[in-house]
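Reading the structure
The primary structure of each chain is shown beneath.
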Amino acid sequence: MLIPSIDLQNGHVVQLVQGDKLAVQSDDLDGWIARFSSFPIVQVIDLDAAMGKGDNSTLVRYVCDRLPCQVGGGVRTPERAQQLIDAGAQRVILGSSLFSTTAVQVDRAREFTIAIGADRLIAAVDSRGGFVTIHGWKTATSVTGVDAVRALSPFVDRFLYTHVETEGTMSGLNLDAVLAINAEAPGRIIAAGGIREMTEVDHLHTLGIDAVVGMAIYTGAIKL
């Protein structure tokens, strides 16, 4: 399944290359909502909240009122996760709150699960060079993506694996990396990072893996 992404920064819909360089900026939020209205789920990421530079909470709620969403970015407490569910999010994506620079924070994961249930939680395993990266992809950890999935499997329903090196580049998804993660949690993986054409999405679908697509949609490389 293809999951379109709406990334929010400074009140705009954006697409970044590797979480850093601005490549696309749009103020047509309603237009993108209309384009994505037929999809079973849409991913919404508050980039400012993820980077600890404010938030786009009003826009997140606006989108959740109009689309079925999985929402992430700066979800640091179970209370915040519950607020997003109350705002209409169907799933909440957790990232930095689940990791220190050296370990998976299993006790924190358990707190989130108790608060809103594993079926509403997605763990973001954003990886660079095989290791999880946190704080808006600015801080490296010594935790591998595979180890993260093993540790967090009891606490979340799904995993969002983003291959940071290719994110926003439309250079093609690193399928080998995705398959290594999928081997630990088959049927529970959502892949992102570099997807450039529908053949990749279709191939992932045959493997039981969903695909988040941003840049290829916003640049027109993939036609909806």
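Further up the page is the structure itself.
The following paragraphs examine the structure supplied in this document. The residue numbering used here restarts from 1 in each chain and proceeds along that chain's sequence as written. Given that this is a predicted model, residues contribute local features only at a pLDDT of at least 70 and side-chain atom pairs are listed and counted only at 80 or more, while totals for whole chains, interfaces and linings are drawn from all residues. Side-chain figures throughout are based on the complete set of non-hydrogen atoms in the structure, without hydrogens or water.

**Some words on helix 6 (residues 145-152)**
Three- or four-residue spacings in an α-helix give side chains the same orientation, since the helix completes a turn every 3.6 residues. What counts, and what does not: Think of it in three bands: residues with accessible area under 20% of the maximum for their type are buried, residues over 50% are exposed, and the middle band is partly exposed, with areas taken using a 1.4 Å probe on protein chains only. By definition, any uninterrupted DSSP run of H or I lasting at least four residues is a helix, any uninterrupted run of E lasting at least two residues is a strand, and each is numbered from the N terminus. In this description, the arc belongs to the directions extending from the helix axis to the C-beta atoms. Residues are treated as being in contact if the distance between any of their heavy atoms lies within 4.5 Å.
All of the buried residues along helix 6 are G145, A148, V149 and L152. Projection of helix 6 onto a plane perpendicular to its axis shows the buried side chains occupying an angular sector of 95°, all on one side. Each element contacted by the buried residues of helix 6 is listed here: helix 5 (106-116), strand 7 (121-128), strand 8 (131-134), strand 9 (139-144), strand 10 (158-163) and helix 7 (175-182).

**Describing empty space enclosed by the protein**
Here is the rule: Cavity means a closed set of points on a 1 Å grid over the protein atoms alone, one where a 1.4 Å probe fits but cannot get out, pocket means an open set with protein on both sides within 12 Å along at least 5 of 7 lines, and lining means a residue has an atom within 4 Å of a point. Grid points are joined across faces, edges and corners, and a volume is the space filled by probe spheres set on the points. Each residue is assigned to one of three groups, with Ala, Val, Leu, Ile, Met, Phe, Trp, Tyr, Cys and Pro labelled nonpolar, Asp, Glu, Lys and Arg labelled charged, and all others, Gly among them, labelled polar.
According to the stated counting rule, one finds two cavities of 30 Å³ or more in the structure shown. I45, L47, D126, W137 and T162 are, among the 43 residues lining the largest cavity, the residues nearest its centre. Here the lining of the largest cavity takes three residues from strand 8, the largest share from any one element. Class assignment of the residues belonging to the lining of the largest cavity gives a composition of 21 nonpolar, 18 polar and four charged. For the second largest cavity, the calculated volume is near 30 Å³. Looking at the second largest cavity, the residues that line it are D46, V60, V71, G72, G73, V75, R80 and L84. Going through the elements one at a time, strand 5 (69-72) and helix 4 (78-86) are the ones with two or more residues in the lining of the second largest cavity.

**Some points on unusual backbone geometry**
With phi around 55°, N10 is a residue other than glycine that occupies positive phi space. Residue classification places N10 among the exposed residues on the basis of a relative accessible area of 56%. In this model, W137 sits at a positive phi of 70°, which is unusual for a non-glycine residue. Residue classification places W137 among the buried positions, given a relative accessible area of 18%.

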